[in-house]
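These are the residues of each chain, in order.
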Amino acid sequence: MRRLTISVDEDLADAFDALLTRKGYLNRSEAFRDVVRKELGQTDVAEGKTKWCVATVRFVYDHHERQLSNRLTQMQHEHHDLTVASQHVHLDHDNCLETLILKGRLAEVHACANAIISQTGVRHGNVHIVPVEMKKEKYTQVGHTHIHPHR
């Protein structure tokens, strides 16, 4: 491990220390490493350097919207190779919250997530993408080939 020495003004140091406390870090080094990893990951995604990712897609929708529940389910089935898990929560009489976990190639995950949250009747939605390095292996399934990333 390499040691870095940095200098920051008092206000920034105090704000960083407050962040450490709020987030439960035991030391500045681990917090600094996480901040740098996050920034580098976001930069890699923005610059198209990331091939694989995992993502959470969270959205609130009106389950009374005509055929919306069916469309959302159909979209998840059409992207079964990306959809790892989903959780459905009834918020009240009209609103549902759904959280999806997607895994795959960045472009495909991003397109799927955007297609879902842009559906008419989806009131709020966001996507959180985390770049990951995964080994790819071919996997054949009933007449077609997919590349599935594995740890």
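So, a few notes on the structure that sits alongside this text. (Residues numbered from 1 in each chain as written. Predicted model: local features only at pLDDT ≥ 70, side-chain atom pairs only at ≥ 80, totals over all residues. Heavy atoms only, no water.)

Regarding helix α4 (residues 106-117)
As a reminder of what qualifies: Helix and strand assignments follow DSSP, with helices taken as H or I runs no shorter than four residues and strands as E runs no shorter than two, numbered in order from the N terminus. Multiplying one less than the number of residues by 1.5 Å gives the expected span of a helix. A 1.4 Å probe rolled over the protein chains alone gives each residue an accessible area, and that area as a share of the maximum for its type sets the label: buried under 20%, exposed over 50%, partly exposed in between. By arc we mean the arc of the directions from the helix axis to the C-beta atoms, nothing more.
Across its 12 residues, α4 extends 17 Å between first and last C-alpha, which sits within 8% of the 16 Å expected from 1.5 Å per residue. All of the buried residues in α4 are Leu-106, Val-109, Cys-112, Ala-113 and Ile-116. Taken around the axis of α4, the buried residues stretch over an arc of 140 degrees, which confines them to a single face.

Observations concerning the environment of Asp-81
Along the chain, the position of Asp-81 falls in the loop between α3 (68-78) and β2 (83-90). Note on Asp-81: relative accessible area 26%, which makes it partly exposed. A C-alpha to C-alpha distance of 8.8 Å links Asp-81 and Leu-102, two positions 21 residues apart in sequence.

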